[in-house]
Amino acid sequence: MFVRSASYVKSVNEWAARAPRRSVDRAASDYARRHMVAVVMLGNDDAVAYFYDAANDRIARQVYKGVEWK
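Residues numbered from 1 in each chain as written. Predicted model: local features only at pLDDT ≥ 70, side-chain atom pairs only at ≥ 80, totals over all residues. Heavy atoms only, no water.

Undergrad: Explain the overall build of the chain here, please?
TA: Counting its secondary structure elements, the chain contains two helices and four strands. For 70 residues, the compact-globule estimate of 2.2 N^0.38 gives 11 Å, and the C-alpha radius of gyration of the chain, at 11 Å, lies within 12% of that figure. Classification of the 70 residues of the chain by burial places 36% in the buried group. For the chain, the proportion of contacts with a sequence separation of at least 24, taken over those separated by at least 6, is 35%. Total accessible area on the chain is roughly 4,600 Å²; 47% of this is exposed by carbon and sulfur atoms. Charged side chains of the chain number 12 positive and 8 negative; the gap between the two group centres comes to 5 Å. (Helix = DSSP H or I, 4+ residues; strand = E, 2+ residues; numbered from the N terminus. Rg over C-alpha atoms; globule rule 2.2 N^0.38 Å. Buried < 20%, exposed > 50% of the residue type's maximum accessible area, 1.4 Å probe, protein only. Contact = heavy atoms within 4.5 Å. Areas by Shrake-Rupley, 256 points an atom, 1.4 Å probe, with all protein chains shown as cover. Lys, Arg positive; Asp, Glu negative; His and termini not counted. Charge placed at Lys NZ, Arg CZ, Asp CG, Glu CD.)

Spelled out as structure tokens, the structure:
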């Protein structure tokens with residue numbers, strides 16, 4: 001379950017607006033690198049979460065199907 005009002009949860013259009021010359025994936029990854037987590041809400045109630053792994057200095061990407069939004 002994800003909380004829709006969290007600061008790191010944004011729709012595809014909101015992520016695209018944050019970085020107009022980059023992809024949504026890149027904008028969310030950059031945000032996760034600075035803030036440890038980012039979630040992209042997709043139109044079909046799925047979500048893509050990006051988590052920053054500080055130990056390995058990489059971004060982990062996880063797709064969640066049929067998310068219950070709160």
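Undergrad: I tried to follow helix α2 (residues 24–35) on my own but got confused; where do I start?
TA: Each α-helix winds once per 3.6 residues, and so residues spaced three or four apart point in a common direction. Counted at 1.5 Å a residue, the expected span for α2 with its twelve residues is 16 Å, and the 16 Å between its end C-alpha atoms agrees. Buried within α2 are the following residues: Ala27, Ala28, Ser29, Asp30, Tyr31 and Ala32. Elements in contact with the buried residues of α2: α1 (12–18), β2 (37–41), β3 (47–53) and β4 (58–64). Looking one or two residues beyond α2, the residue adopting positive phi is Met36, at roughly 80 degrees. (Expected span 1.5 Å × (residues − 1).)

Undergrad: Help me understand the sheet that holds β2 in this model?
TA: Adjacent strands of a sheet form backbone hydrogen bonds with each other and so pair up, either parallel or antiparallel. In space, the four strands of this open sheet follow the order β1-β2-β3-β4, with mixed pairing throughout. Strands at the two margins of the open sheet, each flanked by one partner only, are β1 (9–11) and β4. If you compare each strand with its neighbour and ignore which way they point, the axes differ by 20 degrees on average. Pairing of β2 with β3, which is carried by five bridges, proceeds in the antiparallel orientation. Bridge pairing links Val40 to Val48 in β3. (Pairing = 2+ DSSP bridges. Axes fitted to C-alpha atoms, helices over the stretch in contact; angles between N-to-C directions.)

Undergrad: What am I meant to see in the packing of aromatic side chains here?
TA: The geometry of two aromatic rings is summed up by the distance between their centres and the angle between their planes. Enumeration over the complete set of coordinates arrives at one aromatic pair. When the ring centre of Tyr31 is taken as reference, the NZ or CZ atom of Lys10 above it lies at 5.8 Å. (Phe/Tyr/Trp six-rings, centres within 6.5 Å; stacked < 30°, edge-to-face > 60°. Lys NZ or Arg CZ within 6 Å of the ring centre and 35° of its normal.)

Undergrad: Please explain the environment of Arg4 as it appears in this structure.
TA: Locating Arg4 in the fold gives a position in the segment before β1. Taking the C-alpha atoms as reference points, Arg4 and Asp45, separated by 41 residues in sequence, lie 11 Å from one another. Not counting the four nearest positions on each side in its chain, Arg4 is found in contact with Val9, Met41, Trp69 and Lys70.

By themselves, these observations are geometric and do not establish any function.
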